[in-house]
Amino acid sequence: MSLIRPYGDTTGDGMVQLSFTLPIEHSKVAEGAAVQLANKMGMDPALVVHAKAMGDGFTFFVVYGRVNHLVDPSTVEVVERDYPLLTPKEANAAIKRSLRRRLVVVGGCIGTDAHTVGIDAILNIKGFAGEKGLEYYRELKVVNLGAQVSVPQLVEAAREEKADAVLVSQVVTQRDAHLLNTREMSAAFREAYPAAKRPLLVVGGPRFDETMADELGVDRVFSRGTTPGEVASFIVHRLTRPAGSGKEMAS
């Protein structure tokens, strides 16, 4: 695949749009500072196309300008889906055939995160993007713990419910809280369970990097736009494979 550059008004012109906030009152000096920042980031020329005061001492900017950087798509590393997408009927059949019992999923938002939109979109029966949530799957038992669940509470609930999989949603990202919380969670499960008995650990949220699963100590990271069907298919794929082909089932 050939090298590419951004497209703005004409092919290959390198024009990009960037938005950011600076801690400065809105003024001509502030707009000059925004241009200076854009220049230092490689935009030249750069033009402030929008500026608006955001309360005392802050200004929001949109800057439009040219960059000379080239991008090589062949060097990009992403996490490709390595499992088949299943319909609810297919997922139910796989669980029933392999486990001969319901597969237990415990989910929630850990730490101080009170944003349940993400976890509810995956777990609640109403679902997301035209797909039913995991509660719709007959062979899944779903326990949604809701928001602001402590890590010890999550581990305790997983033990009590004999969870096969644990889903965690993290929206709050200030000071990398989502990464710190996820590492704390994965460490707690490693301490609480023998390796072969630990439930599948899945995290998701708009600011996660899907390539960080190993670094965070979890089995899978899902980012923005993930649908209930993708999550259900992954869980079923990982937990209904024949013995010896991957992770053993939690019991």
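The rules behind each value
The numbers attached to residues start from 1 for each chain and follow its sequence in the written order. Since the coordinates come from a predicted model, pLDDT governs what is reported: local features require at least 70, and pairs of side-chain atoms require 80 or more to be given and counted, while whole-chain, interface and lining totals use all residues. Side-chain numbers here rest on the full set of heavy atoms in the structure, without hydrogens or water. At least two bridges found by DSSP between two strands are what make those strands a pair. Helix numbers and strand numbers start at the N terminus; a helix is a DSSP run of H or I with at least 4 residues, a strand a run of E with at least 2. Every axis corresponds to a line fitted to the C-alpha atoms, with the helix fit spanning only the stretch in contact, and the corresponding angles, defined between N-to-C directions, vary from 0 to 180 degrees. Planes of paired rings set the category: under 30 degrees apart is stacked, over 60 is edge-to-face and the rest tilted, where pairs are Phe, Tyr or Trp rings (Trp by its six-membered ring) whose centres lie within 6.5 Å. When accessible area is computed with a 1.4 Å probe and restricted to protein chains, residues below 20% of their type maximum are described as buried, those above 50% as exposed, and intermediate ones as partly exposed. The criterion is that NZ of a Lys, or CZ of an Arg, lies within 6 Å of the ring centre and within 35 degrees of the ring normal, and then a charge sits over that ring. When checking whether two residues touch, look at their non-hydrogen atoms; a contact exists if any pair is within 4.5 Å. One less than the number of residues in a helix, times 1.5 Å, gives the span that helix is expected to have.

- If you check an unreviewed UniProt entry, the protein appears there as Cobalamin-dependent protein from Nocardioides pinisoli.

**A look at the sheet that holds strand E2 (residues 46–53)**
Working step 1: One open sheet holds the three strands; their spatial order is E1-E3-E2, and the pairing between them is antiparallel. Edge positions in the open sheet fall to strand E1 (15–22) and E2, since each of these has one partner strand only. For this sheet, the mean inter-axis angle between neighbouring strands, taken without regard to orientation, is 15°.

**A word on the packing of aromatic side chains**
Any two aromatic rings considered together are summarised by their centre-to-centre distance and by the angle between their planes.
Working step 1: Counted under the stated rule, the structure contains four aromatic pairs.
Working step 2: Residues Phe189 and Tyr193 carry aromatic rings whose centres are separated by 5.8 Å and whose planes lie at 15° to one another, so their mutual orientation is stacked.
Working step 3: On the basis of relative accessibility, which here comes to 0%, the residue Phe189 falls in the buried class.
Working step 4: Here the aromatic residues Tyr83, Phe222 and Phe234 are joined through ring pairs into a cluster of three or more.
Working step 5: Directly above the aromatic system of Tyr193 lies the positively charged group of Arg159, at a separation of 4.8 Å from the ring centroid.

**So, the side chain of His178**
Working step 1: Within the secondary structure, His178 is located in helix H5 (residues 177–192).
Working step 2: In contact with His178, not counting residues within four places along its chain, are Gln170, Val172, Thr173, Arg207 and Phe208.

**Some thoughts on the sheet that holds strand E8 (residues 220–222)**
Working step 1: Ordered by their spatial adjacency, five strands build an open sheet running E5-E4-E6-E7-E8, and the pairing between neighbours is parallel. What marks the edges here is a single partner per strand, and that holds for strand E5 (140–144) and E8. On average, each strand axis in the sheet is tilted by 20° relative to the strand beside it, whichever way the strands run.
Working step 2: As defined by bridge partners, strand E4 (residues 103–108) adjoins E5 across five bridges and the pair is classed as parallel. In the strand pairing of E5, Gly107 is matched with Asn144.

**Section: the environment of Ser169**
Working step 1: With respect to the helices and strands, the residue Ser169 is situated in strand E6 (residues 165–169).
Working step 2: With 29 residues separating them along the chain, Ser169 and Leu140 place their C-alpha atoms 19 Å apart.

**Some details on helix H7 (residues 228–239)**
Working step 1: With 12 residues, H7 should reach 16 Å at 1.5 Å per residue; the first-to-last C-alpha distance of 16 Å fits that figure.
Working step 2: Of all the 12 residues making up H7, 10 are buried; the element is thus mostly covered by neighbouring parts of the structure.
Working step 3: Taken together, the buried positions of H7 are Pro228, Gly229, Val231, Ala232, Ser233, Phe234, Ile235, Val236, Arg238 and Leu239.

**Quick word on unusual backbone geometry**
Working step 1: Residue Pro45 is bonded to the preceding Asp44 through a cis peptide linkage, with omega at 0°.
Working step 2: Of note, Pro45 is situated in the loop between helix H1 (28–40) and E2.
Working step 3: The phi angle at Ala129 is positive, at roughly 55°, despite the residue not being glycine.
Working step 4: Position of Ala129 among the secondary structure elements: in the loop between helix H3 (117–123) and E5.
Working step 5: One non-glycine residue, Lys162, lies in positive phi territory at about 55°.

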